[in-house]
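# Examination of the molecular architecture
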Amino acid sequence: MTLTECALKGNILSMTFALSYLVFGVLLCTFAGAVIADRRSSRKMALLDWKDLVAGLHRLDMVELSAVATDYLTPRRGQIDLDPKEIWESLGGYEGLKRMRENAEIMLALAAYAQRWNFEEAVVVTERMRLDAASLRRAVRRVELGMIPASLLLHFRLTLPLHAQEASSAYYLMRQR
């Protein structure tokens, strides 16, 4: 029975039940697609050599990024010295966050490459970088949610500068390692 047939018969319960399966199926397929795309990207990065990986890094203004990151990592009495507009402009807006996320993936591949040659020392650095990359991904995802123009997501919009700072600090720490 299709959703339209359920609606025509006036059977709201059946329609709601079928709709929930549809939504669940779409979410499951989206998640599976994201996992497959991530795996392909990881495999593709693993096949590249050191020079190709380094050549893929995007240029970022590290002076501005460091200022935002240290403001987040070393809070003072007033908590933050930068206002949200300054944070957003210093990071290069959404494009800057995308470049940080792409660079983080490349830096993880570089750490994995180094781990092949010096396992004892590189394993600790690689694991720390993985944790920083997870933090960066999570912060960028929250910033992306905050950019959706919906009143339901007011919480994300209000915390957008905090998540942008969190992303910059994670990137800053990855770069320092």
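## With respect to a nonpolar patch on the surface
On the surface, Leu 19, Leu 22, Val 23, Val 26 and Leu 27 cluster together into a nonpolar patch covering about 450 Å² of accessible area. Tracing the chain through its elements places Val 26 in helix 2 (residues 12-46).

## Overview of the environment of Ala 109
Relative to the helices and strands, Ala 109 is located in helix 6 (residues 93-117). In this structure the C-alpha to C-alpha distance between Ala 109 and Asp 49, which are 60 residues apart in sequence, comes to 9.6 Å. For Ala 109, the contacting residues outside a window of four places in its chain are Met 45 and Leu 53.

## Here's the deal with the nonpolar core
Leu 65, Leu 91, Met 100, Leu 136 and Tyr 171 are the most contacted members of the largest nonpolar core, which totals 27 residues. Ignoring sequence-local partners within four residues, the contact set of Leu 91 consists of Leu 65, Val 68, Gly 96, Leu 97, Met 100, Ala 164 and Ser 168.

## Points about the side chain of Ser 90
Secondary-structure assignment places Ser 90 in helix 5 (residues 84-90). For Ser 90, a relative accessible area of 17% puts it in the buried group. A polar side-chain atom of Ser 90 sits 2.7 Å from the main-chain carbonyl oxygen of Glu 86. If we skip the residues at most four places from it in the chain, Ser 90 touches Glu 64 and Val 68.

The rules behind these values
- Residues numbered from 1 in each chain as written.
- Predicted model: local features only at pLDDT ≥ 70, side-chain atom pairs only at ≥ 80, totals over all residues.
- Heavy atoms only, no water.
- Patch = residues over 30% accessible without salt bridge, like charges linked within 9 Å, V, L, I, M, F, W, Y side chains within 5 Å.
- Areas by Shrake-Rupley, 256 points an atom, 1.4 Å probe, with all protein chains shown as cover.
- Salt bridge = Lys/Arg side-chain N within 4 Å of Asp/Glu carboxyl O.
- Helix = DSSP H or I, 4+ residues; strand = E, 2+ residues; numbered from the N terminus.
- Contact = heavy atoms within 4.5 Å.
- Core = buried A, V, L, I, M, F, W, Y, C linked by side-chain atoms within 4.5 Å.
- Buried < 20%, exposed > 50% of the residue type's maximum accessible area, 1.4 Å probe, protein only.
- Polar contact = N/O pair within 3.5 Å; in protein donor to acceptor, adjacent residues only side chain to side chain.

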